[in-house]
Amino acid sequence: MLKRLFPMPLHTGILLVVWLLLNSFTVGHLVLGFILATIIPWLAAPLSDPHARVKKPLKGARYLLMVLWDIVVSNFEVAGRILRSNRHLRPGLVALPLDLQGQFPLAVLASTISLTPGTVSVDISEDMQWLYIHALHVDDEQRLIDRIKTRYEAPLREIFAC
Amino acid sequence: MLLVMEVLASFLLIMGGVFILIGALGMVKLPDFYTRLHAPTKATTLGIGCILIASMALHALRGDGLSIQELVISLFLFITAPVSAYMVAKAALQRRTAFLEGTRNADMSEDILERRAPDSR
Amino acid sequence: MLNMVLMAVSVMVGLALVLNSIRLLIGPSSADRILALDTLYINSIALIVLLGLYFASDMYFESALLIAMLGFVSTAALAKYMLRGDIIE
């Protein structure tokens, strides 16, 4: 019964808190936010599919901080490349063999790659074994692949335990 | 204390402005579509992140309380930037937008379109 | 001092908007134009946030939030239209 009323309890809580923070904290907004936080999961629950859960939240937080730092560093790198002459650029496509499995972890990995050092993820092969990346500057393909695998994929495998 | 916060916020604002400008400069000067894709997904996203953090600090400084809106906007932008980059890149590949001459593995684009494993090289 | 900084940053963002518009006009491919529009809306959010700081009002954030959401949806719709020739299948 409770499960039917609140199919996504975590999301209900987050929605209510965000609604109260975006508006003012009054009884009226509490009631309205509660109604919305109950109705929206009813509509959204059929769309969600069971996905991997974060097994190690502490490692996840560390990963998030590391990615934030990498975003800042990579931006200086990309800014440097933009300001220099185009002739120095060696763009290229790279295929990254994947060990990570599961849709949600892969989405996190692809987004991380898009936000960090001069790389954008373009597509994934149908069997989910290869991630295609476009890099702004490739000196050594293998080094780029190794770097992504050790720096981002290995921690993600630990976090999602897969 | 007040002055220190203001100087810090000004620094963040200027950094944000510089990154946004560099992103726009990259949009104009980089040689092909796929390299141009890097400018907005990275430089512009970080630039707007800096400006929003500065705005949060300044609003807190003025005593309006901690406003969560900036945090929501920056989170939203950081989540959507890779998604829109991915979608636009895929659309460009589908239209066979030309690669810059000398791009490594440019022939791999056929594999990507078919979504199959790359030919063993 | 802060107002000076805000002015200077607004000028930088305005210049960025002009540069993006140049890319929007010259293309050459339609993917470039979508990318330019995407960057334009993100930069306009920056401009609105700066305006909100300048006038010390938090009314502007509502519009910034709206632009962020509508901008993402329109970029996704345009990219999908290019990909499939249709938006809703």
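The rules behind each value
Residues numbered from 1 in each chain as written. Chains lettered and ligands numbered in written order. Predicted model: local features only at pLDDT ≥ 70, side-chain atom pairs only at ≥ 80, totals over all residues. Heavy atoms only, no water. Domains from an automatic or database assignment. Phe/Tyr/Trp six-rings, centres within 6.5 Å; stacked < 30°, edge-to-face > 60°. Helix = DSSP H or I, 4+ residues; strand = E, 2+ residues; numbered from the N terminus. Buried < 20%, exposed > 50% of the residue type's maximum accessible area, 1.4 Å probe, protein only. pLDDT = per-residue confidence, 0-100. Expected span 1.5 Å × (residues − 1). Contact = heavy atoms within 4.5 Å. Buried area = accessible area lost by both parts, 1.4 Å probe. Salt bridge = Lys/Arg side-chain N within 4 Å of Asp/Glu carboxyl O. Polar contact = N/O pair within 3.5 Å; in protein donor to acceptor, adjacent residues only side chain to side chain.

**Some points on the domain arrangement of chain A**
Many structure descriptions define interface size as the accessible area lost when the parts assemble.
So, point 1. What the domain assignment reports for chain A is domain 1 (2–47) and domain 2 (57–160).
So, point 2. Taking the mean C-alpha position of each, domain 1 of chain A and domain 2 of chain A sit 35 Å from one another.

**Observations concerning the packing of aromatic side chains**
So, point 1. Enumeration according to the criterion identifies four aromatic pairs over all chains in this entry.
So, point 2. A ring pair is formed by Phe76 of chain A and Phe19 of chain B, whose centres lie 5.4 Å apart and whose planes are at 70°; its orientation type is edge-to-face. In this pair, Phe76 of chain A is assigned in helix 4 (residues 57–83) and Phe19 of chain B in helix 1 (residues 2–29), connecting two distinct chains.
So, point 3. Phe76 of chain A gets classed as partly exposed once you look at its relative accessible area, which sits at 48%.
So, point 4. Aromatic side chains Tyr54 of chain C and Phe55 of chain C sit 5.4 Å apart centroid to centroid with 80° between the ring planes, which places their arrangement in the edge-to-face category.

**Observations regarding the environment of Gly14 of chain C**
Residue and element names in this part refer to chain C.
So, point 1. The topology assignment puts Gly14 in helix 1 (residues 2–26).
So, point 2. Accessibility expressed as a relative area gives 23% for Gly14, which makes it partly exposed.
So, point 3. With 30 residues separating them along the chain, Gly14 and Ser44 place their C-alpha atoms 8.7 Å apart.

**Quick look at the confidence of the model for chain A**
So, point 1. With 95% of its residues at a pLDDT of 70 or more, chain A has an overall mean of 81.
So, point 2. Highest mean pLDDT in chain A belongs to helix 3 (residues 27–44) of chain A (86); lowest belongs to helix 1 (residues 2–5) of chain A (72).

**A closer look at helix 4 of chain A**
Within an α-helix, residues lying three or four positions from one another point in the same direction, as the helix has 3.6 residues per turn.
So, point 1. Its 27 residues place the ends of helix 4 of chain A 39 Å apart at the C-alpha level, agreeing with the 39 Å of an ideal helix rising 1.5 Å per residue.
So, point 2. In this structure, the buried residues of helix 4 of chain A make contact with helix 5 (103–115) and helix 6 (141–160) of chain A together with helix 1, helix 3 (38–61) and helix 4 (69–94) of chain B.

**Examining the interface of chain A and chain B**
So, point 1. The interface is formed by 42 residues belonging to chain A together with 43 residues belonging to chain B.
So, point 2. Both faces considered, chain A and chain B share a buried interface measuring about 3,700 Å² in area, 69% of it formed by carbon and sulfur atoms.
So, point 3. Counting the surface chain A buries against chain B, the share from its top three residues, Ile82, Leu93 and Tyr132 of chain A, is 18%.
So, point 4. In this structure, Lys90 of chain B and Asp123 of chain A form a salt bridge, with 3.8 Å as the shortest nitrogen-oxygen distance.

**Some thoughts on the interface of chain B and chain C**
So, point 1. Facing 42 residues of chain B, the contacting portion of chain C comprises 47 residues.
So, point 2. Linking Asp32 of chain C and Arg36 of chain B is a salt bridge whose minimum nitrogen-to-oxygen distance equals 2.4 Å.
So, point 3. Linking chain B with chain C are three residue pairs in polar contact (both at pLDDT 80 or more).
So, point 4. Sorting the residues of the side of chain B that touches chain C by element identifies helix 1, helix 2 (33–36), helix 3 and helix 4 of chain B as the ones contributing at least two each.
So, point 5. The dominant element in the side of chain B that touches chain C, judged by the number of residues it contributes, is helix 4 of chain B, at 15 residues.

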